[in-house]
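Residues per chain are reported as follows:
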Amino acid sequence: MFTFLDPFGLRWTAGIALEAVDGRTWPSTVWRLVEEQRSPFSDLHGSGEELRQAFQAPGWEAIRLLRRYGAATAVRLLLRRRAASSIALRRAAVLTGPVAAPLPPSRWRFYRNGFHSWSFAGTTPVEGRDARTLFGPLGAPMTFDVAAPPGPSGVRRSDLVAALIVGERALIVGQITTADQFVKIELDARGMPRLHVYAELDGISVDPEEEVPSEWIWVETREATDPDPFGDYAEAVARAMQPRIPPHAPSGWCSWYFYYTRVRDADIRSNLQALAAWREVLPVELIQIDDGFQAAVGEWTRFSPRFPEGVAPLAQEIREAGFTPGLWLAPFLTWPEAAVVRRHPDWLLRDARGRPVSAGFNWYRWLRALDPTHPGVEEWLQDLIRTVVHRWGFPYLKLDFLYAAALPGRRYDPKATRAQALRRGLRAIREAAGESAFLLGCGCPLGPAIGLVDGMRIGPDVAPHWEPRMFGLSRPFRAERSLPAARNAVRNTLTRSWMHRRWWWNDPDCLLLRARATSLTEDEVRLMLTAVALSGGMVLVSDPVAELPEERRALWAALLPPTGERPEVRDLFEREFPRVMRRAGTLCGAPAVWVGLLNPEDRPWRTALPLRDLGLPEPAWGFERWSGRAQRLTGNLPVDLPPHGAALWLLRPIRPGPQWVGSTLRIPPGAEVVEGEEEASWGRWVLRREARARGFVWLGIPDEGGVPEIRWNGRPCPIERAGEGLWRVEQAFQGTGVLEARRASI
Ligand code: 9PG
């Protein structure tokens, strides 16, 4: 047993347990603690004293290691088979036992992180059940881990990491190492609440005397209101897994969310032309061809009749026009009729009875999965990737439906767990693609991809409608958390933003800025822009470029390049769809706070947020991007948002001299200020925009009766009054410009 005890009174008494595939179990009651030993340790996370617990159960020995790093503890289980026969293991509970707290479970909440890119992540009450899907087995693999579907009411399941929130405290539990096993955290609040941490062993066979180590698990309690509750955990994972975080992620255009599978080579060309023509005003880099070019999923080197010459000529045209070509592939997925299946039926992932495993239903057919532990598959994969990256010329790959490699099944390598199978497949792809290729994971179980992908889709597909919609209907699908919908995509953008640039670049999925063939309202478009801009993640747009109205194109341009800066999500542990994003930074060496307020509800949201809670000594200059209003704020930040509306604020503590208050030159405002000085009687700001831009700048300059003197690149420029102590300047420029302000002297 081991007891985690929080000063607030949260108590978790955790033993160990084991389950075999044949139904045999070794519950925590059969394990006898035979010895405890303390000794010093030192590892990449720190040093201190390690507690080593030796357990015994019939046919087994186990060692559990517990290492303390400050407030956090890392735990690992080492199992050893002490019997004459081999056995197939289902899972090991590294920590399992009752949790008790000073509040009843009806007041607890649980942050759940879904299995893969498209799975739900967010905080829900403990009571109730994890959302399932109306589509049953057709949609299950696209929604959650089919090996651990949503349980009954009162049982909450999470993948990789979870948080149990009780009153003022949050218990954070997650796996630190992620290469070898999927770890699941399960809270069972039926009756006496119990919390389990399972290392999934997926039926691998364990031989006599063989040792099976679990992943390392992180356990920690924090303030529930901590602005970055997963920060220390995520950084421990990063130390262990050496993520790839390129200094820059390409921004660009993707064909999927307008053309879908009906895309033609002519559509790629016309968008390439439009982007080339707009290059001066729209600095995008990536042009990514999505699903639709191939003859069949699984048959990547034969093409659809809509791409008679294939995609290599397009890659060349894209490159010659100065953009980066990107291509979509679903490397572990295949249609049943694809040539690869006909030629190599033994490459398919199969169940215990030898039937091909279902990878879900899409494109009007049941899907199959390839087994990347098969050497034939590995060779085929590397051949494919070398062709696509090095022969065709696509240095950017969107690798989709990656969960297929991690479905439950019998593998060629019977010792490979599902996580290892996926990681082996991803490693093969990385090796073939080379170090400089940008690999984006999509539909991807998160843990095993860390260190192999550069970017990760962290939410469901976006769509040109707010709620999920199928067959023209919304109502029946409202509760679906993973179906394509702007609402679903934005929710995960917030709830997984803490992963951004700790494990990879987060991809919040595409922005849809079109004005026709969409039912997104102006408010909804602004909400998406606010979430994506403040998430700091990748910026992709998926509209027919030439049709974009000029003002929408200007919004896109204002997002480029993305800031990359990770925000805090203030109410992450309060509700399923958080509403408050915040990033604290500096502008001209002085404090600046960006706040994104989102109203996902169907009714207005009116409130006042104390500035103090946002980290602002009052009073402050506030600039709100969508209303284009600058004002002096004291005490509170007013919130008055229509349904699905958003506000994007830049807030700055008021100082005696001229100050930069806001602008429409970049989103988030102020991202164009690369340097600046703000003194008592003057201010000077160096602005940068890669593309040609026109916009307004608001300056706060104390009123002294006269008109302040403003210069742009050394020359006096016109200025208009925008309120008490507020002035507005309009500028059009490209590259770098210098704005100067001097207080009026009277
Ligand atoms: C191409 C698309 C786009 C998109 C990806 C992925 O059937 N399904 O449940 C299902 C889920 C997601 C999905 C397609 C189907 O979208 O996320 O960006 O690349 O594939 O087919």
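As shown above, the structure is provided for reference.
No experiment lies behind these values; they were computed from the predicted model shown.

Conventions and cut-offs
- Each chain has its residues counted from 1, following the order in which its sequence is written.
- Local features are withheld for residues below a pLDDT of 70 in this predicted model, meaning they are given only at 70 or higher, and side-chain atom pairs are given and counted only at 80 or more; totals for whole chains, interfaces and linings count all residues.
- Think of the side-chain values as coming from all heavy atoms in the structure, minus any hydrogens and water.
- Any residue with a heavy atom lying within 4 Å of a molecule or strand is counted as near it.
- The term polar contact refers here to a pair of N or O atoms within 3.5 Å; inside protein, the definition further demands a hydrogen-donor-capable atom paired with an acceptor-capable atom, and it admits residues adjacent in sequence only when both atoms are side-chain atoms.
- Per-residue and other accessible areas were derived by the Shrake-Rupley procedure at a 1.4 Å probe size, with only the shown protein chains allowed to occlude residues.
- A run of H or I in DSSP becomes a helix once it reaches four residues, and a run of E becomes a strand once it reaches two; helices and strands are each numbered from the N terminus.
- Note on residue categories: nonpolar means Ala, Val, Leu, Ile, Met, Phe, Trp, Tyr, Cys or Pro, charged means Asp, Glu, Lys or Arg, and polar means any other residue, Gly included.
- In short, DSSP must find at least two bridges between two strands for them to pair.
- By definition here, a salt bridge exists when the distance from a side-chain nitrogen of Lys or Arg to a carboxyl oxygen of Asp or Glu is within 4 Å.
- Each residue is assigned to one of three classes by its accessible area relative to the maximum for its type, calculated with a 1.4 Å probe on protein chains only: buried under 20%, partly exposed between the two thresholds, exposed over 50%.
- Contacts are assigned to residue pairs with any non-hydrogen atoms lying within 4.5 Å of each other.
- Angles here are taken between N-to-C directions and fall from 0 to 180 degrees, while the axes themselves are lines fitted to C-alpha atoms, restricted in helices to the stretch in contact.

1. Observations regarding the site of the ligand
Not every one of the 16 residues close to the ligand is listed here, only the nearest: Tyr257, Asp290, Asp291, Lys398 and Asp461. A distance of 2.7 Å separates an oxygen atom of the ligand from a polar side-chain atom of aspartate 291. Tryptophan 328 is positioned such that a nitrogen or oxygen atom in its side chain is 3.2 Å from an oxygen atom of the ligand. Summarising the interface, the protein chains cover 87% of the accessible area of the ligand, which totals 450 Å² for the free molecule. Contributing elements (two or more residues each) for the shell around the ligand: helix 3 (256–259) and strand 25 (361–362). Counted by class, the shell around the ligand contains 9 nonpolar, 1 polar and 6 charged residues.

2. Some details on unusual backbone geometry
With the exception of glycine, the majority of residues adopt a negative phi angle, and the majority of peptide bonds are in the trans configuration. Going from leucine 560 to proline 561, the amide bond is cis rather than trans, its omega being -15 degrees. Position of proline 561 among the secondary structure elements: in the loop between helix 11 (550–558) and strand 33 (568–569). The phi dihedral of alanine 517 is positive, around 55 degrees, even though this residue is not glycine. For alanine 517, the location among the structural elements is in the loop between strand 31 (505–507) and helix 10 (522–535).

3. Concerning the pairing of strand 38 (residues 629–633)
Pairing analysis gives 5 bridges linking strand 37 (residues 620–624) to strand 38, with the strands arranged antiparallel. Looking across to strand 38, one finds that glycine 622 is bridged to glutamine 631. Remark: 4 residues form the turn of the hairpin made by strand 37 and strand 38, two consecutive strands paired antiparallel; glycine 628 in that turn has positive phi of roughly 65 degrees.

4. Some details on the pattern of salt bridges
With the rule as written, the count across this model stands at 63 salt bridges. The residue glutamate 235 makes a salt bridge to arginine 502 at a minimum N-O spacing of 3.0 Å. One end of the pair, glutamate 235, is in helix 2 (residues 231–241); the other, arginine 502, is in the loop between helix 9 (486–495) and strand 31, with 267 residues separating them in the sequence. Of the residues examined, glutamate 235 reaches a relative accessible area of 36% and is grouped as partly exposed.

5. Let's talk about the sheet that holds strand 29 (residues 438–441)
Within the open sheet, the 8 strands sit side by side as 31-30-29-28-23-20-19-32. Their pairing is parallel. Single-partner strands in this sheet number two, and they are strand 31 and strand 32 (540–541). In terms of strand pairing, strand 23 (residues 324–329) meets strand 28 (residues 396–399) through 4 bridges, oriented parallel. Following the sheet pairing, leucine 329 is matched in strand 28 by leucine 399. With respect to the sheet, helix 5 (residues 312–320) is in contact with strand 20 (286–289) and strand 23, its orientation differing from that of strand 23 by roughly 145 degrees.

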